[in-house]
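Coordinate inspection notes
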Amino acid sequence: MPTHTPAPAGRARRRSLIAPMLERWPQLRSFRLRIALVSTVMALAAITALYASTGYIIVQRRASIIDRMLAAQLAAPLFQLTLQTPWSAIDANLNATFAGFAPENSPEGFVVLRVLHADTEELYRSSDWPTDLAPRPASGLQTVDTFEHSWRVGSVTNGPVTVWIAINRSLSNVQLRASFSKFAFALVGLAALIGLLSWYLAGGAMRPVERLTRVMVRLNALDLDRRVSSEHEDREFAELIAVFNAMLDRLQRSYQQAVRFSGDAAHELKTPLTILQGELERSFARAVHDPTLEQGLANMLDEVRRLDSIVRKLLLLARADAGQLHIPMARVNLLPMLQDLAEDIELMDDSRPVRLDLPPHLHVNGDAELLGQVLHNLVSNAIKYGTAGGWIALEARADGQHWQIDISNASEGIAPEHWDRLFDRFYRADQAHNRRISGVGLGLSLSRDITRAHGGALELADPGPGKVCFRLTLPIA
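Here is a short report on the structure shown in this document. (Residues numbered from 1 in each chain as written. Predicted model: local features only at pLDDT ≥ 70, side-chain atom pairs only at ≥ 80, totals over all residues. Heavy atoms only, no water.)

**Here's the deal with the overall build of the protein chain**
Each helix and strand counted, the protein chain has 10 helices and 12 strands in total. Taking all 477 residues of the protein chain together, 36% fall into the buried category. When contacts within the protein chain are restricted to residue pairs at least 6 apart in sequence, those whose partners lie at least 24 apart make up 64%. Accessible surface, the protein chain as shown: approximately 28,700 Å² in total, 58% of it carbon and sulfur. (Helix = DSSP H or I, 4+ residues; strand = E, 2+ residues; numbered from the N terminus. Buried < 20%, exposed > 50% of the residue type's maximum accessible area, 1.4 Å probe, protein only. Contact = heavy atoms within 4.5 Å. Areas by Shrake-Rupley, 256 points an atom, 1.4 Å probe, with all protein chains shown as cover.)

Right, here's the structure in full:
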């Protein structure tokens, strides 16, 4: 008993994540775009993580260096001097020492100095010393936050003299943020560069698939011998190309067998049908005195003629499929054909009004007999499937380098589910599945193949309610 192997959990999870994104952003259905975006996002995430971890290390390292330098300054012999020490010069020297940690051209002092004698008499205070900066009388380094800034403060006592040194950590952080901002801008440019590079690399990876797509687009029934070379391709794409070429081999063999069968069968049936039709016609001529036999032979003769018409159409279609429908090109005026068809409509059913809107001439290059068969098929369909007593219109106009010939009729319309299959062989819409309406569903398919062989097109132009219109387009001669 066959068992169903469930998809791996990881693959199912990825599908559950990707499906809502594709519904929200249909443009992400481009595989190349998704590869470029995923590569860019992953690279950007890795760089951002590196950026964050590096920034954290730099901040901690910078704080440690400032603390060591501050401790070294407090332990220096410079502060073992007397009361006559030039404190303003020491203040300037401290700012010069720590200048590398402050923003350039900052109007605020990065290092401030305060000297007390016996904790009461102030010997010196920097002009930038904040009034609300009041460190605790404790040994070692401490962090003190004021209204505007955060300070790293250290002190040393020499006899009755106490020296306080405070470093503006806020200015140091401003310098760090400026540096990090520059790096962030560089990160945006790097992300754009990675995105472009990912798009280029994804395009290169998709090139074999694009080659396959171009071959598939150009592929038709007469070009099944085309193959794609897998030389110099990567192993995965070489396997895909090999599978595609093998599929074309099977398709070509099957198609050739079908074409040969259709042509051979139609050709073999043509001769016995011709003989059978001749015998029935002679028997019909001799059965004038037996009405019952005469009616039976007439019915048989109609069916044989119908079968002969089918065989001839199949033979013509088989030649078209095999590329052997060679058109002897000659300059043909379709105007007389359309006028004759209009007269035939009036003779067959004078209750149908015929509308004509034709130019003075309709010259095309092609075979008069085959083009006449196309026009006859279209007009015949308009009569058979049109509304009883409804109008039929034959119109033609020039559109650039082509003639557009519209054959339309009053109708209840064609249901939308039939539009795409009207030109399929042996296909008939539901209302046509009636033996009282002659035909087997080959007329439109044959007409389209003949039109294409003439460099034109045949399409259903207007299937709306109340009207059906087939448009024949042929190059102007």
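**Structural notes on helix α10 (residues 443–453)**
Among the 11 residues that make up α10, eight are buried, leaving the element largely enclosed by the rest of the structure. Taken together, the buried positions of α10 are G443, L444, S445, L446, S447, D449, I450 and T451. Of the residues trailing α10, G455 is marked for its positive phi of about 80°.

**Observations concerning the packing of helix α8 (residues 368–385) against α10**
Contact geometry for α8 and α10: axes closest at 9 Å, N-to-C directions at 145°. Seen from above, α8 lies across α10 with left-handed handedness. Of α10, the residues touching α8 (which contributes L370, Q373, V374, N377, L378 and N381) are G443, L444, L446, S447, I450 and T451. For the contact of α8 with α10, a count of residues per class yields six nonpolar, six polar and no charged. (Axes fitted to C-alpha atoms, helices over the stretch in contact; angles between N-to-C directions. Left-handed = near helix turned anticlockwise from the far one by under 90°. Nonpolar A, V, L, I, M, F, W, Y, C, P; charged D, E, K, R; others polar.)

**Considering the sheet that holds strand β10 (residues 402–409)**
Spatially, five strands are ordered β7-β9-β10-β12-β11 in an open sheet, and the strand pairing comes out mixed. Both outer strands of the open sheet, β7 (354–357) and β11 (457–462), are each paired with one neighbouring strand and no more. The mean inter-strand angle of the sheet, taken between neighbouring strand axes irrespective of direction, is 20°. Note that β7 and strand β9 (residues 392–399) share four bridges and pair parallel. Paired with D357 across the strands is E395, a residue of β9. Running at roughly 125° to β11, α10 makes contact with β11 and β12 (468–475) of the sheet. (Pairing = 2+ DSSP bridges.)

**A word on α8**
Turn by turn, an α-helix covers 3.6 residues, leaving residues three or four places apart pointing in a common direction. Spanning 18 residues, α8 covers 26 Å between terminal C-alpha atoms, matching the ideal 26 Å at 1.5 Å per step. Of the residues making up α8, those classed as buried are L370, L371, V374, L375, N377, L378, V379, N381 and A382. Residue D367 occupies the N-cap position of α8, its side-chain oxygen lying 3.2 Å from the main-chain nitrogen of E369. (Expected span 1.5 Å × (residues − 1). Polar contact = N/O pair within 3.5 Å; in protein donor to acceptor, adjacent residues only side chain to side chain.)

**Structural notes on the nonpolar core**
One finds L334, L362, L375 and F470 to be the most contacted residues of the largest nonpolar core, which totals 36 residues. Elements with a contribution of two residues or more to this core: α7 (335–348), α8, β9, β10, α10, β11 and β12. Looking at which element gives the most residues to this core, the answer is α8, with seven residues. In contact with L375, other than residues within four places in its own chain, are L334, M337, L338, L341, I407 and L472. (Core = buried A, V, L, I, M, F, W, Y, C linked by side-chain atoms within 4.5 Å.)

**Overview of a negative patch on the surface**
Taken together, the side chains of D340, E343, D344, E346 and D350 define an acidic patch exposed on the protein surface. Within the element layout of this structure, D344 appears in helix α7. By relative accessible area, which is 36% here, D344 ends up partly exposed. (Patch = residues over 30% accessible without salt bridge, like charges linked within 9 Å, V, L, I, M, F, W, Y side chains within 5 Å. Salt bridge = Lys/Arg side-chain N within 4 Å of Asp/Glu carboxyl O. Lys, Arg positive; Asp, Glu negative; His and termini not counted. Charge placed at Lys NZ, Arg CZ, Asp CG, Glu CD.)

**Regarding the side chain of S198**
Checked against the element boundaries, S198 lands in helix α4 (residues 169–218). Overall, the relative accessible area of 9% leaves S198 in the buried class. If near-sequence neighbours (up to four positions away) are discounted, S198 is found in contact with A36, S39 and T40.

**Focus on the pattern of salt bridges**
Per the stated rule, a full pass over the model turns up five salt bridges. Residue D67 is joined to R152 by a salt bridge in which the shortest nitrogen-to-oxygen separation is 2.9 Å. Residue D67 is located in helix α2 (residues 31–74), and its partner R152 is located in strand β4 (residues 150–158); the two are separated by 85 residues in the primary sequence. Given the relative accessible area of 18%, R152 is considered buried. A cluster of three or more residues bridged by salt bridges with shared partners is formed by R114, E122 and R125.

**Brief notes about the sheet that holds strand β5 (residues 161–168)**
Strand order across the open sheet formed by five strands is β2-β1-β5-β4-β3, with antiparallel pairing between neighbours. Pairing within the sheet leaves two strands with one partner each, and these edge strands are β2 (121–125) and β3 (142–145). In this sheet, adjacent strand axes meet at a mean angle of 25° when their direction is disregarded. Where β4 lies against β5, eight bridges are found, and the strand directions are antiparallel. In the strand pairing of β5, N158 is matched with V161. The strands touched by α2 within the sheet are β4 and β5, with β4 carrying the most contacts at an inclination of about 25°. Across the face of the sheet, α4 comes into contact with β3, β4 and β5 while running at roughly 25° to β5.

**Things to note about the side chain of N377**
Looking at the secondary structure, you find N377 in helix α8. With a relative accessible area of 10%, N377 lands in the buried category. Contacts of N377, omitting those with residues within four sequence positions, involve G443 and S447.

**Side note on the environment of T162**
Looking at the secondary structure, you find T162 in strand β5. Exposure remark for T162: the relative accessible area of 7% places this residue in the buried category. With 39 residues separating them in the primary sequence, T162 and L123 have C-alpha atoms 9.6 Å apart. Polar side-chain contacts of T162 include one of 3.3 Å to the side chain of T157.

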